[in-house]
Amino acid sequence: MVQIPKTPAPAQRSVPTSADVARLAGVSRATVSYVLNNTSAVRISEPTRRRVHEAAEELGYVPHAAARSLRAGHSRMVLMPAPTIPVGPLYSQFINELQWALGRLDYTVVQYGSLGLTGDEAARAWAELRPVAVLVPGSGLGPRGVTLLKRSGARAVVTLGPEPVEGAHALLMDHAAVGRAAGAHLYARGRRRIGVVVPEEPGLEPFSRPRLDGVRQALRGTDATLTELPLAYEEQSAARLAARWGDLGLDGVFAYNDEYAMLLMRALQDEGVDLPGDTALIGADDLMAGRLLRPRLSTVHIELPSGRDLAELVDRAVREPGTALEHREVLGAAVVHRDSS
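I will try to describe carefully the structure that is included in this document. Computed from a predicted model, the values in this text were never measured in an experiment.

## Regarding the nonpolar core
Consideration 1: Grouped together as the largest cluster of nonpolar side chains are 44 residues, with contacts concentrated most on Leu102, Leu135, Phe254, Leu310 and Val314.
Consideration 2: Not counting the four nearest positions on each side in its chain, Phe254 is found in contact with Val178, Gly179, Ala182, Leu186, Gly195, Val196, Val197, Arg211, Val215, Ile282, Gly283 and Ala284.
Consideration 3: Ranked by size, the runner-up nonpolar core spans 26 residues in total, among them Leu229, Ala238, Leu241 and Leu275.

## Topic: the pattern of salt bridges
Consideration 1: A full pass over the atoms with the stated rule returns 16 salt bridges.
Consideration 2: Here Arg180 ties to Asp174 by a salt bridge, and the two come within 3.0 Å at their closest N and O atoms.
Consideration 3: Residue Arg180 is classed as partly exposed on the basis of its relative accessible area of 31%.
Consideration 4: On the basis of relative accessible area, Asp174 is assigned to the partly exposed category, the value being 34%.
Consideration 5: Between Asp223 and Arg192 there is a salt bridge, with the nearest N and O atoms lying 3.2 Å from each other. One end of the pair, Asp223, is in the loop between helix 9 (205–219) and strand 7 (225–231); the other, Arg192, is in the loop between helix 8 (176–188) and strand 6 (193–199), and 31 residues separate them in sequence.
Consideration 6: In this structure, a network of salt bridges that share partners links the residues Arg209, Asp213, Arg216 and Glu228.

## Focus: the packing of helix 5 (residues 89–104) against helix 14 (residues 307–319)
Consideration 1: At a minimum axis separation of 8 Å, helix 5 and helix 14 run at an interaxial angle of 45°. With respect to helix 14, the element helix 5 is oriented oblique. Crossing angle aside, the handedness with which helix 5 passes helix 14 is right-handed. Of the residues in helix 14, those touching helix 5 at Phe94, Glu97, Leu98, Trp100, Ala101 and Leu102 are Gly307, Arg308, Leu310, Ala311 and Val314.
Consideration 2: Its residues assigned to classes, the contact of helix 5 with helix 14 shows 8 nonpolar, 1 polar and 2 charged.

## Considerations on the sheet that holds strand 11 (residues 327–329)
Consideration 1: Taken in spatial order, the 6 strands make up an open sheet running 2-1-3-4-5-11, and their pairing is parallel. With partners counted over all chains shown, the strands left at the sheet margins are strand 2 (108–112) and strand 11, one partner each. Recorded for the sheet is a direction-independent mean angle of 15° between the axes of neighbouring strands.
Consideration 2: Sheet topology note: the strand 1 (residues 77–81)/strand 2 ladder contains 5 bridges and is parallel. When the bridges of strand 2 are listed, Val78 appears paired with Val109.

## Concerning the packing of aromatic side chains
Consideration 1: Overall, the coordinates contain 2 aromatic pairs when judged by the stated rule.
Consideration 2: Ring geometry for Tyr256 and Tyr260: centres 5.6 Å apart, planes at 85°, overall edge-to-face.
Consideration 3: A relative accessible area of 6% means that Tyr256 is categorised as buried.
Consideration 4: Residue classification places Tyr260 among the buried positions, given a relative accessible area of 5%.
Consideration 5: Directly above the ring of Tyr107 sits Arg76, whose terminal nitrogen or CZ lies 3.9 Å from the centroid.

## Some points on the sheet that holds strand 6
Consideration 1: Pairing is parallel across the open sheet formed by 4 strands, whose spatial order is 7-6-8-9. Strands at the two margins of the open sheet, each flanked by one partner only, are strand 7 and strand 9 (280–282). When strand polarity is set aside, the average angle formed by the axes of neighbouring strands in this sheet is 20°.

## Some points on helix 2 (residues 29–36)
Consideration 1: Restricting attention to buried positions, one finds in helix 2 the residues Thr31, Val32, Val35 and Leu36. Mapping the buried residues of helix 2 onto a view down its axis gives an arc of 120°, with all of them on the same face.

## Examining the environment of Thr222
Consideration 1: Here Thr222 lies in the loop between helix 9 and strand 7.
Consideration 2: What makes Thr222 partly exposed here is its relative accessible area of 28%.
Consideration 3: It is 8.9 Å that separates the C-alpha atoms of Thr222 and Arg192, two residues lying 30 residues apart in sequence.
Consideration 4: For Thr222, the side chain forms a polar contact with the main-chain nitrogen of Ala224, separated by 3.2 Å.

## Here we look at the side chain of Thr159
Consideration 1: With respect to the helices, strands and loops of the structure, Thr159 is situated in strand 4 (residues 156–161).
Consideration 2: Those residues in contact with Thr159 that sit more than four places away from it in its chain are Val136, Leu141, Val165, Ala168, His169, Ala170 and Leu171.

## Things to note about the side chain of Ser237
Consideration 1: When you line up the elements, Ser237 lands in helix 10 (residues 235–243).
Consideration 2: Residue class for Ser237 comes out buried when judged on its relative accessible area of 7%.
Consideration 3: Here Ser237 is in contact with Leu231 and Ala232, once residues within four sequence places are set aside.

## Notes on the environment of Val42
Consideration 1: With respect to the helices, strands and loops of the structure, Val42 is situated in the loop between helix 2 and helix 3 (46–59).
Consideration 2: Along the chain, Val42 and Thr31 lie 11 residues apart, while their C-alpha atoms are 9.0 Å from each other.
Consideration 3: Those residues in contact with Val42 that lie beyond four places of it in its chain are Tyr34 and Arg49.

## Let's talk about helix 5
Consideration 1: Helix length check: helix 5 (16 residues) gives 23 Å between terminal C-alpha atoms against 22 Å at 1.5 Å per residue, within 8%.
Consideration 2: Restricting attention to buried positions, one finds in helix 5 the residues Leu90, Tyr91, Phe94, Ile95, Leu98, Ala101 and Leu102. Across the axial projection of helix 5, the buried residues extend over an arc of 135°, all falling on one side. Turned more than 90 degrees away from the buried face of helix 5 sit Gln93, Asn96 and Arg104, all of them exposed.

Conventions adopted
Residues numbered from 1 in each chain as written. Predicted model: local features only at pLDDT ≥ 70, side-chain atom pairs only at ≥ 80, totals over all residues. Heavy atoms only, no water. Core = buried A, V, L, I, M, F, W, Y, C linked by side-chain atoms within 4.5 Å. Buried < 20%, exposed > 50% of the residue type's maximum accessible area, 1.4 Å probe, protein only. Contact = heavy atoms within 4.5 Å. Salt bridge = Lys/Arg side-chain N within 4 Å of Asp/Glu carboxyl O. Helix = DSSP H or I, 4+ residues; strand = E, 2+ residues; numbered from the N terminus. Axes fitted to C-alpha atoms, helices over the stretch in contact; angles between N-to-C directions. Parallel < 35°, antiparallel > 145°, perpendicular 65-115°, else oblique. Left-handed = near helix turned anticlockwise from the far one by under 90°. Nonpolar A, V, L, I, M, F, W, Y, C, P; charged D, E, K, R; others polar. Pairing = 2+ DSSP bridges. Phe/Tyr/Trp six-rings, centres within 6.5 Å; stacked < 30°, edge-to-face > 60°. Lys NZ or Arg CZ within 6 Å of the ring centre and 35° of its normal. Arc of directions from axis to C-beta. Polar contact = N/O pair within 3.5 Å; in protein donor to acceptor, adjacent residues only side chain to side chain. Expected span 1.5 Å × (residues − 1).

Given below as structure tokens:
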């Protein structure tokens, strides 16, 4: 029997520490901490900062988030529950700007998928991660959930929705204003039999119903009529709606947003409906793709809050948790008139 000699296991490299970085850079561990944690209270020369960063990169050293949280007395994690509804390019752009701005302030942004969890149950799952701040899109979080999050260490809870929640900062988004702008525009263009697309996709009701109500408000007291148009975001659904367009007798339509407007436009054109001759069409969001269509798509330009401003609100609430709650109305709506209406 031949014995195969044992090959010695490769020696495990130890995890580099801040002391290793300090030795290589020729500075104290305190200096390493000041530099890598972006501490502004201590003045560090630029050459020293460069040496520390180069040493950390050479050694592959990364600061320990948990240890840093212990020293600070709180984490630097900002939790953003992932939306359970389809979000468009406009919202995605806002989220990207917000994440960039929070990163510049030395926060770590974590998106959390809590599919199937709502209300207090979702808040309990978020609280287990011990975030320093939670940004909640849409509705569903109540006062009990806010209290639970704060007791778990969250210094700031910010909601983005149509109504404020007790105990939380609120960015109030009045989606009815989008519908009012679209309805008023169609009426001003001489349209009197107006349809409003209401998406059939679940989860969009907090946005679609206020927009529908906004059109209703704009037409109240006039000689115009309003027809709800349920529509799924699929070609077959749009084709079925377009096939009965002649029976509906509509001369104007607000299609919830640009994506549904583009879907409906294609189906109506396939049925030979002249836009805007037979029917004026307007969307919302002011997406670039709408400008490339023929006819160019009229839209409601939506002004979302600045990601940088929201990041500063979060940072201020974390540093000064006793400050008064802020409630801001942040959604602006203005019609951009193009060829389709």
